[in-house]
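Next come the chains, spelled out residue by residue.
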Amino acid sequence: MSGRNFQVARWTRTSTISAAAAAVAVVILALLPFAFGANVTERLTTLFVYIILAAMWNALAGYAGLVSVGQQMFFGLGAYATIRLSYGGMNVYAAMLVGALLAGLTALPLSSFMLRLRGGEFAIATWVVATIAHLLVNFDPLIEGETGKSLIALNAYDATVREAISYWAALAVMLLFLVIMFALLRSRFGAAVQAIRDDEHAAASVGVRVMAAKRLIFTIAAFGGAAAGALWLATALTFQPRTYFGIQWTAYMLFMALVGGLGTFEGPIVGAVIFFILEDRFGAAGVWYLVGLGAAATLFSLLLPRGLWGTLEDRFGIAIMPVGYRLVLGAADPPQRTSGWWARWRGSTNR
Amino acid sequence: MSLLAVEQLDARHGLLKAVRNVDLSVAEGEIVALVGANGAGKTTLLRTIAGAHRPESGRITFDGADIARLRAYERVKLGIALVPEGRRLFAGLTVEDNWRVAGDTRRTGPWDVEALLALFPMLKGRLKTPAGLLSGGEQQATAIGRALMTNPRLLLLDEISLGLAPLAIDNLYRSLTKLFSSGTALILVEQNLNRALGVATRVYCMLEGRIVLECDAGLASRQQITEAYFGLRRDSGREMRP
Amino acid sequence: MIWVDQVIQGTLLGGYYALIACGLSLMFGVMRIINLAHGDFAVLGAFAVWLLVARTGISPFFALAVAIPLMALLGAALQRWVFERSLRAGALVPLLATFGLAIVTENLLFEGFGADTRSLAPEIGDLAFDSWTVTDRIYVGHLAVLVFVVAVVLLVGLQAFLKWTALGRAIRATAEDPDTAELVGVNSRFVYAVAAAIAVATTAIAGTFLAMRATFDPYSGPTQLIFAFEAVVIGGVGSLWRTLIGGIILGIAQSVGAQIGPRGFLLTGHIVFLVVLAVRLLLSGADLGAIVRRARTGPRRSRSL
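Everything numeric here is computed off the predicted structure, so don't read it as measured data.

S.K.: Hey, could you go over the sheet that holds strand β9 (residues 202-207) of chain B for me, with residue numbers and the actual values?
M.R.: All names here are of chain B. Sheet architecture is open: six strands sit in the order β6-β7-β8-β3-β9-β10, paired in mixed fashion. Edge positions in the sheet fall to β6 (80-83) and β10 (210-216), since each of these pairs with one other strand and no more. Going across the sheet, the axis of each strand differs from the next one's by a mean of 15°, ignoring polarity.

S.K.: Summarise the pairing of β10 of chain B; cite the residues concerned and give the values.
M.R.: All names here are of chain B. With five of seven residues buried, β10 lies mostly within the body of the structure. The pairing of β9 with β10 spans six bridges and is classified as antiparallel. When the sheet's bridge partners are listed, Cys205 is paired in β10 with Leu213.

S.K.: Tell me about the pairing of strand β3 (residues 31-36) of chain B, residues and numbers included.
M.R.: Residues and elements named next belong to chain B. A large share of β3 lies buried, amounting to six of its six residues. Residues Ile31, Ala33 and Val35 of β3 are buried on one face, and the alternating residues Val32, Leu34 and Gly36, pointing to the opposite face, are buried as well. The pairing of β3 with strand β8 (residues 185-189) spans four bridges and is classified as parallel. Bridge pairing in β8 links Ile31 to Leu186.

S.K.: A description of the sheet that holds strand β1 (residues 4-13) of chain B should follow, citing residues and the corresponding values.
M.R.: Residue and element names in this part refer to chain B. Taken together, the four strands give an open sheet; going across it, the order is β2-β1-β4-β5, and neighbouring strands pair in antiparallel fashion. Every interior strand has two partners, whereas the edge strands, β2 (16-26) and β5 (65-66), have only one. Pairing analysis gives two bridges linking strand β4 (residues 55-62) to β5, with the strands arranged antiparallel. Each residue of the ladder has a partner; that of Thr61, found in β5, is Asp66.

S.K.: Outline helix α6 (residues 166-176) of chain C, listing residues and values.
M.R.: Where burial is concerned, most of α6 of chain C is hidden: eight out of the eleven residues are buried. Residues Arg169, Ala170, Ile171, Arg172, Ala173, Thr174, Ala175 and Glu176 of chain C constitute the buried set of α6 of chain C.

S.K.: Explain the confidence of the model for chain B residue by residue, including any values.
M.R.: Residues and elements named next belong to chain B. Averaged over every residue, the pLDDT of chain B is 89; residues scoring 70 or more account for 96%. Averaged over each element, pLDDT in chain B is lowest for helix α8 (residues 222-230) (79) and highest for β6 (96). As a predicted assembly, this complex carries a pTM of 0.85 together with an ipTM value of 0.89.

S.K.: Talk me through the nonpolar core; I want residue IDs and the actual numbers.
M.R.: Ranked by internal contacts, the top residues of the largest apolar core, which has 284 residues, are Ile52 and Phe255 of chain A, Leu156 of chain B together with Leu19, Val49, Ala195 and Ala196 of chain C. Element by element, the count of residues in this core is highest for helix α8 (residues 188-213) of chain C, at 18 residues.

S.K.: Lay out the arrangement of the chains with the relevant residues and their values.
M.R.: If you rank the two pairs of chains in contact by how many contacts each has, first place goes to chains A and C. The two units chain A and chain B never meet; even their closest C-alpha atoms stay 15 Å apart.

S.K.: Could you give an account of the interface of chain C and chain B, with specific residues and numbers?
M.R.: The interface of chain C with chain B comprises 15 residues on the first partner and 22 residues on the second. When residues of the side of chain C that touches chain B are traced back to their parent elements, those giving at least two are α6 and α7 (178-183) of chain C. Here the residues of the side of chain C that touches chain B sort into six nonpolar, three polar and six charged.

S.K.: With reference to specific residues and values, describe the packing of helix α2 (residues 38-56) of chain C against helix α4 (residues 92-113) of chain C.
M.R.: Residue and element names in this part refer to chain C. Two elements in contact, α2 and α4, have axes separated by 9 Å at closest approach and are oriented at 25°. Classified by the angle between their axes, α2 and α4 sit roughly parallel to one another. Relative to α4, the crossing made by α2 is left-handed. Packed against α2, whose contacting residues are Asp40, Val43, Leu44 and Phe47, the element α4 presents Ala102, Thr105, Glu106, Leu109 and Phe113 at the interface. Classifying every residue of the contact of α2 with α4 by side-chain character gives six nonpolar, one polar and two charged.

S.K.: Pulling in residues and values, what's your account of the interface of chain A and chain C?
M.R.: Counting from both sides, the interface comprises 34 residues of chain A and, opposite them, 32 residues of chain C. Ranked by the residues each element gives to the side of chain A that touches chain C, the list is headed by helix α6 (residues 119-139) of chain A, at twelve residues.

S.K.: Explain the environment of His53 of chain B to me, using residue names and the numbers behind them.
M.R.: Residue and element names in this part refer to chain B. Looking at the element boundaries, His53 is found in the loop between α1 (42-50) and β4. For His53, a count of 19 C-beta atoms within 10 Å translates into the label partly exposed. In sequence terms His53 and Arg12 are 41 residues apart; their C-alpha atoms lie 8.8 Å from each other. Apart from residues lying up to four places away in sequence, His53 is in contact with Ala11, Thr44, Arg47 and Thr48.

S.K.: Now, about the confidence of the model for chain A: what can you tell me, with residues and values included?
M.R.: Residues and elements named next belong to chain A. Here chain A averages 84 in pLDDT, and 88% of its residues register 70 or above. Confidence, expressed as mean pLDDT per element, reaches its minimum in chain A at strand β5 (residues 349-350) with 40 and its maximum at helix α3 (residues 72-87) with 94. This stretch, residues 331-351, has a pLDDT under 50; its non-local contacts, to residues over four places away or in other chains, come to 20 contacts.

S.K.: Run through unusual backbone geometry, naming residues and quoting values.
M.R.: The phi dihedral of Leu237 of chain A is positive, around 75°, even though this residue is not glycine. Note that Leu237 of chain A resides in the loop between α10 (210-236) and β3 (238-239). Judged by the 13 C-beta atoms lying within 10 Å of it, Leu237 of chain A is partly exposed. Even without being glycine, Arg88 of chain B reaches a positive phi, approximately 50°. Its place among the elements puts Arg88 of chain B in the loop between β6 and α3 (95-103). Residue classification places Arg88 of chain B among the buried positions, given that 20 C-beta atoms sit within 10 Å.

S.K.: How would you sum up the packing of α3 of chain A against α10 of chain A? Please name residues and give values.
M.R.: All names here are of chain A. Running from amino to carboxyl end, α3 crosses α10 at an angle of 55°, the nearest separation of the two axes being 6 Å. As the angle between them shows, α3 and α10 are arranged oblique. Classified by chirality, the crossing of α10 by α3 is right-handed. On the side of α3, the interface is formed by Phe74, Phe75, Gly76, Leu77, Gly78, Ala79 and Thr82, while α10 contributes Ala222, Gly225, Ala226, Ala227, Ala228, Gly229, Ala230, Trp232 and Leu233.

So, how was this worked out
- Residues numbered from 1 in each chain as written.
- Chains lettered and ligands numbered in written order.
- Predicted model: local features only at pLDDT ≥ 70, side-chain atom pairs only at ≥ 80, totals over all residues.
- Pairing = 2+ DSSP bridges.
- Helix = DSSP H or I, 4+ residues; strand = E, 2+ residues; numbered from the N terminus.
- Axes fitted to C-alpha atoms, helices over the stretch in contact; angles between N-to-C directions.
- Buried ≥ 20, exposed ≤ 12 C-beta atoms within 10 Å, placed from the backbone.
- pLDDT = per-residue confidence, 0-100.
- Core = buried A, V, L, I, M, F, W, Y, C linked by C-beta atoms within 7 Å.
- Contact = placed C-beta atoms within 7 Å.
- Nonpolar A, V, L, I, M, F, W, Y, C, P; charged D, E, K, R; others polar.
- Parallel < 35°, antiparallel > 145°, perpendicular 65-115°, else oblique.
- Left-handed = near helix turned anticlockwise from the far one by under 90°.

Shown next as structure tokens:
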């Protein structure tokens, strides 16, 4: 490097504005149930769950390079654990929290095994494990095969209250996981994970702990999926194994992450919104809708693998959320607070 | 008229420009040596001629026809064959199968399994051995044989001495004398200058992707070649012409 | 004696699994692609045969003879339009693209044929039921034996094709090193198309036999894919015969499981698969030589430098 002045900046003008806008949006969303009725909140809850699922699948495939065709396992187990705990006597909302945690924990032993597999092997193995989980749940006499069970304990709550709580819970969980992903991506771990995404061997050769990174992502994705399952149960009220362990969830997640933009932060959100709108408009078309989803997935993977957001990012160089680094050259000593929490938060480095 | 004519060829290797504005020609039956330090672009040049690599710009003419658009297998059918750097044998296939795959291109010519065994008698008992289990010298012989099975008019040999013990190299070159006098045009990339000059009629020297020396093998002095090889008298373009 | 029956039935079932698995194995071996739509193609083949039989009344075997070249064409077309592009695009893309294909295929079949489960068993008459009586407890079905024999014949045929023919050699060479194969005159694109055509054509055969020995519906594909994959993994990648052995082990595991409970059939198969996979991972990770040496000489006394 020639002796020019340069700075490593995390925040750009755009990203600062966007972050502020996002904060405002969150406040508005939080206040929504007071202004709008069940129709709106219920649909938004669905959207929030979609965003969680998309973000988690994107974390796996877009950052860790793991194509999982079995994430529905955690989705189903999260709901199943909730049912089990609720019928075991726990308060229904506590059951959701604990259930999601327990279901997510299954990822820990699983990961040491599954993550040694690569590519297609990993993909199908996740499918097999999901199928086994489905079968085992079928064995539970409480569930009676495919008959399923309703989360009756929810009836103790007034419908409006119930819907509002589900809404806030979904909003909170969505924000939690988005913040986790954001924080991870901004950290050194984030750079490591993106290195893995680009070239696993090269990343390992510069000292990135590939296995540990994948494990972390796998586990987070499991918790996210499990939480999503519990939340879905809170809205849908009934648990039927086939619905929750079905492969269609992978189809949805894959579509959202791929169309939105694999390996970007904003992509899954964009994909989830698109999916939500499409489902709203075309869901009634039933089978043709699914055909459309599948065809879109194939076409996108072949022709537009970076997804809509990813392509926009590449073409126009925009970056809304500040997960990357920017090199600012020749900035001649701009006024900078070089001390204090603000400078540390902004993460800029003067050279 | 030359058999092979390369004009103003540019080729990238990843993001790096590995071949810069190269002009090269080989006449029918001529043996040309291509020398240069590691990373000079010799392998990329050979691979581009053979069709394994896409050029960025420039012309490649074989027997008068422009072949730059042709895929590698089509060039093999026309009579260009490459013995790749590092041999790149089909390790799971037997020696015989390695040869037969190449032989399936069905070009007429003197080379078949018997002829190859006459050329490389060391392989006589090894026909059914998987190529991955052979010694270095045997592998090199198999690789050369594989290219010969396509009965090429132009054979490109990329670093055939690489990784071989001196004795094995001696044996190899001894076996190849028949090839050198067979009338097949050759481009020989060889680290060992003595060997290269002992066999070739013309020499090209490459440095950082460019041809920096082109002359008859007999005419160039050691010093001139060494200087070109290491770029001791920096000059873009040709240093010496006959 | 009941266990002998399970072993026999399981072995014969293994023949079916080898059938459904050999296409998957071929595509993976040659192109390094795992086609997630593989099972759905088998179901597509079954529906094609079923449709031909329903419309024309010909025997399912004749219908299969018609379906095979059509499916082969489908394979070649897919290679050209889908697989080839995904090959160049990285490891993720083939999985995403073939998953999309799977969804499309399943739902188009549903759109065309509805949700009803169907079977070709009624079309083959006595073949579906006839069996040889080996002992008073053990019956061996004619159909099961036929499937097994067809599987073995197909595997022998494929091995011979790969070993002795020019195209087979070209396929093997391309599987090892497509770049260098081109350099010795092999048209790798054509080779891939042939391999894909063969792979998809075999799914038609497997699908037809699935339809004969059991039932099928538009969403039966994924299960068949999982079985195929399990057979390949249990047997080990490398040769088609290993796939047959894998299929047999899977079949036996499932037959044994079926005795235990209603869903035991599926469960035991999956568990055996996971166990084999785990063992294989452990063994590949560990240095087998060191383990054996340590077992012989006991633990090292001191830490050497």
